Amino acid sequence: MAVVDASRFLADLYHLRGFGRVGTGVIRPAYSAPDIEARDWLAGRMAEAGLVPQFDAMGNLFGLAEGPSLLLGSHSDTQPTGGWLDGALGVIAALEVARASRESGGPAISVVSFQDEEGRFGGTTGSAVWSGALALADADAVADTDGVILGEARKVLGSRIGPDVNPRQFTGFIELHIEQGPALDAAGEQIGVVSDIVGYREMMVTLTGQQNHAGTTPMALRRDAFQGLSRFAVRLEDRMRNVVTPQSVWTIGHVAVAPNAASIVPGQVRFSMQWRDGDKDRLARMRCVIEAVLADVAGEMELGLEIGPLMVLEPVAMDRALRKRLEAAAEAVAPGRWRLMPSGALHDATNVARLMPVAMLFVPSIGGISHAFEEDTAEADLVAGLRVLARAAGVT
Ligand code: GLV
Ligand code: MN
Ligand code: MN
């Protein structure tokens, strides 16, 4: 019989939703006031559970058990307009499993809420720094889309910052997360055990034309940066077909048009170019296509082209032994209603895999919607995820 308390878990999950809540969604980006308030509340809940709360310099919040322990968790920051479960589910489930384990004399479990998984400053920033993939000094220089650098933003942590948390005290890491895609919901399944996490590439691109008068500049003489982006996006759709599979994705998600005024031919456009795939070679081929199309369009339209540094996260396979524990737990909790599947979303587990064995499990996202206020999961599925996590962690 499970020792985890589903009502207490759900009550904490709903409480966390209150920090930055807007309608059904949440606005709680890294280092915002709601993010820090949520972390302070979480630190209190960790202490009440008998764990030692500890913030590191990035604002990653650990709840530490004594001695060697299994680490469970995810992140509690959100997208600029985010859903209530992305990250939050894994953190609160970890808290409940650790708490229940202490109460029942189970194994030592520690908890983490990583900082800036959602990428106000790039992507999985807190776990990237903790894992050594990114130097703190380099992270500090990264600016968000408003031009605020991380080094300034994290000053809000003040005296919360404690010593670095030594990863060697952890025997492994398991992250419970919502699927954020349609597969489990469409199939009526309850659990996804993750086989591997896709690779990720992102860079900022700037196209520069000539800012000019929108009424007097003949169409044939314009060097319109926005029209350059538009031609690039359409042509990319066509040219990518030669190298991608149905699992490959690419997104132009952030666009800043300058000067962004109705009566001015746009002089500059700066945008994010992101692409993901499970295969490293295909990621490289996609990059070649992107850069070739950019160069063609810039040449044809006489636009300046600048490409920023490439952010790289390689595809990562989950640890076989931990995965087997999740598979056995999934079969016990949701017999015949689980599957092995890749993750198309990025997760802190990608970085933590540099340090220790990692594994992940998913619960369904209703309608496959995530990174949106509508993001939701049935309570029964949230609790099933909690129970699978607990079993896999040896808390039964
Ligand atoms: C993380 O939220 C991602 O973009 O996959
Ligand atoms: Mn997430
Ligand atoms: Mn997310």
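Now for a look at the structure at hand. (Residues numbered from 1 in each chain as written. Chains lettered and ligands numbered in written order. Predicted model: local features only at pLDDT ≥ 70, side-chain atom pairs only at ≥ 80, totals over all residues. Heavy atoms only, no water.)

### Digging into the coordination of the manganese ion (ligand 2)
And then number 1: Coordination of the manganese ion (ligand 2) by the protein is provided by His75 (NE2), Asp86 (OD) and His177 (NE2), with metal-donor distances spanning 2.0 to 2.2 Å.
And then number 2: As a motif over one chain, the donors of the manganese ion (ligand 2) read H-x10-D-x90-H.
And then number 3: The manganese ion (ligand 3) is placed at 3.5 Å from the manganese ion (ligand 2), the two being bridged by Asp86. Residue Asp86 is located in the loop between strand 5 (69–75) and helix 3 (88–103), and its partner His177 is located in strand 7 (residues 170–178); the two are separated by 91 residues in the primary sequence.
And then number 4: Exposure remark for Asp86: the relative accessible area of 5% places this residue in the buried category. (Donors = N, O, S within 2.8 Å, 3.2 Å for Na, K, Ca; no water. Helix = DSSP H or I, 4+ residues; strand = E, 2+ residues; numbered from the N terminus. Buried < 20%, exposed > 50% of the residue type's maximum accessible area, 1.4 Å probe, protein only.)

### Brief notes about the side chain of Asp381
And then number 1: Checked against the element boundaries, Asp381 lands in helix 12 (residues 379–392).
And then number 2: For the buried Asp381, no salt bridge is present, and the opposite-charge side chain at shortest range is Arg337, 4.9 Å distant.
And then number 3: Apart from residues lying up to four places away in sequence, Asp381 is in contact with Gln190, Val363 and Pro364. (Lys, Arg positive; Asp, Glu negative; His and termini not counted. Salt bridge = Lys/Arg side-chain N within 4 Å of Asp/Glu carboxyl O. Contact = heavy atoms within 4.5 Å.)

### Notes on the site of ligand 1
And then number 1: Taken together, Glu117, Glu118, Arg276, Ala345, Leu346 and His371 are the residues near ligand 1.
And then number 2: With respect to ligand 1, the side chain of Glu118 contributes an N or O atom lying 2.8 Å from an oxygen atom.
And then number 3: A distance of 2.7 Å separates an oxygen atom of ligand 1 from a polar backbone atom of Leu346.
And then number 4: For ligand 1, the accessible surface in isolation is 200 Å², of which the surrounding protein chains cover 90%. (Near = heavy atom within 4 Å. Polar contact = N/O pair within 3.5 Å; in protein donor to acceptor, adjacent residues only side chain to side chain. Areas by Shrake-Rupley, 256 points an atom, 1.4 Å probe, with all protein chains shown as cover.)

### A short note on the pairing of strand 14 (residues 268–277)
And then number 1: Of all 10 residues that make up strand 14, 8 are buried, and the element is covered over most of its length.
And then number 2: Of the pairings in the sheet, the one linking strand 11 (residues 249–251) to strand 14 comprises 3 bridges and is antiparallel in character. By the bridge assignment, Thr251 is partnered in strand 14 with Gln274.
And then number 3: Looking at chain direction, strand 12 (residues 255–258) and strand 14 are connected through 4 bridges and run antiparallel. Each residue of the ladder has a partner; that of Val255, found in strand 14, is Phe271. (Pairing = 2+ DSSP bridges.)

### Brief notes about the nonpolar core
And then number 1: By size, the foremost hydrophobic cluster in this structure holds 57 residues, and its most contacted members are Phe9, Leu13, Leu72, Leu89, Val97, Ile174 and Ile191.
And then number 2: Among the elements that make up this core, the one with the highest residue count is helix 3 (10 residues).
And then number 3: Those residues in contact with Leu89 that sit more than four places away from it in its chain are Phe9, Leu13, Leu176, His177, Ile178, Val363 and Leu382.
And then number 4: With 23 residues, the next largest nonpolar core counts Val205, Leu236, Trp275 and Val289 among its residues. (Core = buried A, V, L, I, M, F, W, Y, C linked by side-chain atoms within 4.5 Å.)

### Some details on the coordination of the manganese ion (ligand 3)
Octahedral metals with six donors have ideal donor angles of 90 or 180 degrees. Tetrahedral metals with four donors have an ideal donor angle of 109.5 degrees.
And then number 1: Listed as protein donors to the manganese ion (ligand 3) are Asp86 (OD), Glu118 (OE), Glu118 (OE) and His371 (NE2); their distances from the metal cover 2.0 to 2.4 Å.
And then number 2: Ordering the donors of the manganese ion (ligand 3) by residue number gives the pattern D-x31-E-x252-H.

### Quick look at the pattern of salt bridges
And then number 1: Counting across every chain of the model gives 23 salt bridges.
And then number 2: A salt bridge links Glu103 to Arg8, with the shortest nitrogen-to-oxygen separation between them at 2.7 Å. Here Arg8 lies in helix 1 (residues 6–17) and Glu103 lies in helix 3, a separation of 95 residues in the sequence.
And then number 3: For Glu103, a relative accessible area of 55% translates into the label exposed.
And then number 4: Linked by salt bridges that have partners in common, Arg8, Asp12, Arg45, Glu48, Glu96, Arg99 and Glu103 make up one network.

### Observations regarding the environment of Val257
And then number 1: Position of Val257 among the secondary structure elements: in strand 12.
And then number 2: Since its relative accessible area comes to 23%, Val257 is described here as partly exposed.
And then number 3: Each residue touching Val257, except ones within four places of it in the same chain, is listed here: Phe226, Pro266, Gln268 and Val269.

### What about the layout of surface pockets?
And then number 1: Estimates place the volume of the second largest pocket at around 200 Å³.
And then number 2: Contributing to the lining of the second largest pocket are Met219, Ala220, Leu221, Arg222, Arg223, Asp224, Gln227, Arg231, Glu300, Met301 and Glu302.
And then number 3: Class assignment of the residues belonging to the lining of the second largest pocket gives a composition of 4 nonpolar, 1 polar and 6 charged. (1 Å grid on protein atoms, 1.4 Å probe; cavity = no way out; pocket = protein on both sides within 12 Å on 5 of 7 lines; lining within 4 Å. Points joined across faces, edges and corners; volume = space filled by probe spheres on them. Nonpolar A, V, L, I, M, F, W, Y, C, P; charged D, E, K, R; others polar.)

### Describing the packing of aromatic side chains
And then number 1: On inspection of all chains with the given rule, the structure shows 10 aromatic pairs.
And then number 2: With centroids separated by 5.1 Å and ring planes inclined at 10°, the aromatic side chains of Tyr14 and Trp84 adopt a geometry described as stacked. Of this pair, Tyr14 sits in helix 1 while Trp84 sits in the loop between strand 5 and helix 3, and the two are 70 residues apart along the sequence.
And then number 3: For Trp84, a relative accessible area of 3% gives the class buried.
And then number 4: On the numbers, 5.1 Å between centres and 50° between planes, the contact of Phe62 with Trp130 is tilted. Of this pair, Phe62 sits in strand 4 (residues 61–64) while Trp130 is found in helix 4 (residues 125–131), placing the two residues 68 residues apart along the sequence.
And then number 5: By relative accessible area, Trp130 is classed as buried at 11%. (Phe/Tyr/Trp six-rings, centres within 6.5 Å; stacked < 30°, edge-to-face > 60°.)

### Focus on the packing of helix 1 against helix 3
Two packed helices can be described by the angle between their axes and the distance between those axes.
And then number 1: Their axes nearest at 9 Å, the elements helix 1 and helix 3 cross at an angle of 145°. Crossing handedness for the pair helix 1 and helix 3: right-handed. Touching Arg8, Phe9, Asp12, Leu13 and Leu16 of helix 1 are Ala88, Leu89, Ile92, Ala93, Leu95, Glu96, Arg99, Ala100 and Glu103, all from helix 3.
And then number 2: Its residues placed into classes, the contact of helix 1 with helix 3 shows 9 nonpolar, no polar and 5 charged. (Axes fitted to C-alpha atoms, helices over the stretch in contact; angles between N-to-C directions. Left-handed = near helix turned anticlockwise from the far one by under 90°.)

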